[in-house]
Amino acid sequence: MPTAPEPARWARRAAYLVSLCTPPSGLWRIAMGLGIPVGYSAERMSAEGYPGWGTVYTIGLAVLVQLLAFLTVGLVRPWGEVAPRWIPFMGGRRMRPRVVVAVAGTGAVLLILITLSQFVVWQMIDESTLGPGDLTGTARTVLGLCYLPLLAWGPLLAAVTYDYHRRHRLPGSRQRAG
């Protein structure tokens, strides 16, 4: 029941690429949550609740982030126009393009600001000032590489959101889409 023009090929690819930006950091979080040595000392891991309640938090966060990233695919699929029937209160209803663009655009801006600010902070940390049990050396490099793909999430989401907006602003599609 989609009414808007097909998404651009680049937008479709970018939407699916977003889902590949989050697994490296999620897998790192899950490993830490399960108590697998990721560079922190055993004492530090235990003090932070790994394994334990920290495990529930990190696995939950990894799953939530992956699900949020996957929502980008909705911008290039029919369920970005009509909510799937199984969603409570919204199932089967048309999505309002303005709301979709506002939410996705806000998400893109927030992701860009958060990931860039964290990247800048990460770069400014002087390893010589870190205490015992903190990540240093190879472990810190591995963590950085696992989180680096997150820098692409915001710009990719912004690009896919732009394509969604463009498709729903074409003459004639405005009345049909919402």
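Structure: above.
All figures in this text were calculated on a predicted structure; none of them were measured in a lab.

Rules used in this analysis
- Residues numbered from 1 in each chain as written.
- Predicted model: local features only at pLDDT ≥ 70, side-chain atom pairs only at ≥ 80, totals over all residues.
- Heavy atoms only, no water.
- Disulfide = S-S within 2.5 Å.
- Buried < 20%, exposed > 50% of the residue type's maximum accessible area, 1.4 Å probe, protein only.
- Salt bridge = Lys/Arg side-chain N within 4 Å of Asp/Glu carboxyl O.
- Helix = DSSP H or I, 4+ residues; strand = E, 2+ residues; numbered from the N terminus.
- Core = buried A, V, L, I, M, F, W, Y, C linked by side-chain atoms within 4.5 Å.
- Contact = heavy atoms within 4.5 Å.

### Section: the state of the cysteines
The full count for this structure, using the stated rule, is zero disulfides. Between Cys21, a cysteine without a disulfide, and Cys146, which holds the nearest cysteine sulfur, the sulfur-to-sulfur distance is 13 Å. By relative accessible area, which is 5% here, Cys21 ends up buried.

### As for the pattern of salt bridges
Considering all chains together, one arrives at four salt bridges under this definition. Of the charged contacts in the structure, one is a salt bridge between Glu48 and Arg44, with a shortest N-O distance of 3.6 Å. Accessibility expressed as a relative area gives 46% for Glu48, which makes it partly exposed. For Arg167, the salt bridge identified is with Asp163, shortest N-O distance 3.0 Å. In this pair, Arg167 and Asp163 are both assigned in helix α7 (residues 150–168), four residues apart and thus about one turn of the helix distant. Comparing Arg167 with Asp163 shows no difference in burial state: the two are buried.

### Brief notes about the nonpolar core
Of all hydrophobic cores here, the largest spans 20 residues; its most connected members are Val18, Leu75, Val76, Trp153, Leu156, Leu157 and Val160. When residues of this core are traced back to their parent elements, those giving at least two are α1 (9–21), α4 (53–70), α5 (97–124) and α7. Every residue in contact with Val76, bar those within four places of it in the chain, is listed here: Pro7, Ala11, Arg12, Ala15, Tyr16, Val160 and Arg167. Core analysis: the next-biggest nonpolar cluster, separate from the first, contains ten residues, Tyr50, Leu135, Leu143 and Cys146 among them.

### Description of the environment of Phe119
Within the secondary structure, Phe119 sits in helix α5. Here the alpha-carbon distance between Phe119 and Tyr147, two residues 28 residues apart in the chain, equals 9.0 Å. In this structure Phe119 touches Leu148 and Leu151, once residues within four positions along its chain are discounted.

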